[in-house]
Amino acid sequence: MKTKTIAGIVILAILVVLVIAGLYFFSQIQEKVAFQNVEIDFEGVEIKDIDSQHITLNLNLRCYNPNKIPVTLDGADYEIYLQEIYVGNGSISERLTIPPDETKILSSEVKVGYENLNQLLNIANEIIKRGGKVNITIKGNAYADFIGRISFPFKVEKEINLSREIVEKIKDLKNFKIF
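Residues numbered from 1 in each chain as written. Predicted model: local features only at pLDDT ≥ 70, side-chain atom pairs only at ≥ 80, totals over all residues. Heavy atoms only, no water.

1. So, the overall build of the protein chain
Piece 1. When its secondary structure is counted, the protein chain shows four helices and nine strands.
Piece 2. Starting at the N terminus and ending at the C terminus, the protein chain contains elements arranged as α-β-β-β-β-β-β-β-α-α-β-β-α.
Piece 3. Per-residue burial for the protein chain yields a buried fraction of 35% across its 179 residues.
Piece 4. Put simply, of all contacts in the protein chain between residues at least 6 apart along the chain, 65% involve residues at least 24 apart.
Piece 5. For the protein chain, the exposed area adds up to about 11,800 Å²; of that, 57% sits on carbon and sulfur atoms. (Helix = DSSP H or I, 4+ residues; strand = E, 2+ residues; numbered from the N terminus. Buried < 20%, exposed > 50% of the residue type's maximum accessible area, 1.4 Å probe, protein only. Contact = heavy atoms within 4.5 Å. Areas by Shrake-Rupley, 256 points an atom, 1.4 Å probe, with all protein chains shown as cover.)

Here it is in structure tokens:
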């Protein structure tokens with residue numbers, strides 16, 4: 001009789017562990033599926049630093065969670081294009097949890113090499129004629145860790161207006177002569 005009681009307790013304990021593990025994995029799967037619905041958009045960009053090799057930008061991305069459960073972003077890699085010209089790439093390594101129906105801003109550094117700026121100067125006339133309107137494209141992959149890394153591609157295409165000051169600086173750069 002005693003061995004039947006012990007066997008029953010062991011079986012009950014195994015069932016409880018399996019149910020808890022199943023519920024945990026189910027919630028994780030729900031969260032990762034919900035992550036696919038997260039809306040990523042361009043928020044803004046600012047110049048952080050300029051040195052002899054590159055310009056460092058701070059890129060801000062707006063992440064909105066329309067789901068009824070929180071989602072967690074475990075990282076992202078992306079490329080930035082202005083007027084379809086490659087500018088640079090960046091990555092986000094910090095973990096971010098976005099509560100239901102909320103928006104969080106992600107900030108990431110992007111290093112833009114001067115060779116990429118030279119290509120952008122080739123379209124300076126177009127930027128000036130358009131009054132500072134520029135098409136920006138950000139494409140990449142966001143990641144969620146769940147029994148390995150799951151990748152969710154995203155793409156942001158938007159027309160942005162450069163400030164009048166930046167347009168004037170573009171004009172100055174375009175007219176700059178070394179000798």
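2. Notes on the pairing of strand 2 (residues 54-65)
Piece 1. Taking burial as the measure, the twelve residues of strand 2 include ten buried ones, the bulk of the element.
Piece 2. Pairing of strand 1 (residues 39-50) with strand 2, which is carried by ten bridges, proceeds in the antiparallel orientation. Within the sheet, the bridge partner assigned to glutamate 39 lies in strand 2 and is tyrosine 64.
Piece 3. Linking strand 1 to strand 2, which pair antiparallel, is a turn of three residues.
Piece 4. Relative to strand 7 (residues 102-113), strand 2 runs antiparallel, the two sharing twelve bridges. Its bridge partner lying in strand 7, arginine 62 is registered against isoleucine 105. (Pairing = 2+ DSSP bridges.)

3. Structural notes on unusual backbone geometry
Piece 1. Positive phi, close to 50°, is recorded for glutamine 83, a residue that is not glycine.
Piece 2. Within the secondary structure, glutamine 83 sits in the loop between strand 4 (75-82) and strand 5 (85-92).
Piece 3. Among the residues examined, glutamine 83 registers a relative accessible area of 13% and is labelled buried.
Piece 4. Notably, aspartate 101 is not glycine yet its phi reads approximately 55°, a positive angle.
Piece 5. Inspection of the secondary structure puts aspartate 101 in the loop between strand 6 (96-98) and strand 7.

4. Topic: the pattern of salt bridges
Piece 1. For the structure shown, the criterion picks out five salt bridges.
Piece 2. For arginine 95, the salt bridge identified is with aspartate 74, shortest N-O distance 2.6 Å. Within this pair, whereas arginine 95 is found in the loop between strand 5 and strand 6, its partner aspartate 74 is found in the loop between strand 3 (71-73) and strand 4, the two being separated by 21 residues in sequence.
Piece 3. The shortest N-O distance in the salt bridge between lysine 155 and glutamate 157 comes to 3.7 Å. Summarising the burial analysis for this pair, lysine 155 and glutamate 157 share the class exposed.
Piece 4. Each member of the salt-bridge network shares a partner with another, and the members are Asp41, Glu43, Arg62 and Lys158. (Salt bridge = Lys/Arg side-chain N within 4 Å of Asp/Glu carboxyl O.)

5. As for the environment of glutamate 79
Piece 1. Looking at the element boundaries, glutamate 79 is found in strand 4.
Piece 2. Taking relative accessible area as the criterion, glutamate 79 reaches 31% and is therefore assigned partly exposed.
Piece 3. Those residues within four positions of glutamate 79 in sequence are excluded, and the remaining contacts are Tyr86, Gly88, Asn89, Thr137, Ile138 and Lys139.

6. A few points about the nonpolar core
Piece 1. Counting 29 residues, the largest nonpolar core has Phe42, Leu59, Tyr78, Ile80, Val110, Ile138 and Phe154 as the members making the most contacts within it.
Piece 2. Examining the composition of this core, we find that five residues originate from one element, strand 2, more than from any other.
Piece 3. Ignoring anything within four residues of it in the chain, the contact list for isoleucine 80 reads Leu59, Ile85, Tyr86, Val87, Gly88, Val110, Ile136, Thr137 and Ile138. (Core = buried A, V, L, I, M, F, W, Y, C linked by side-chain atoms within 4.5 Å.)

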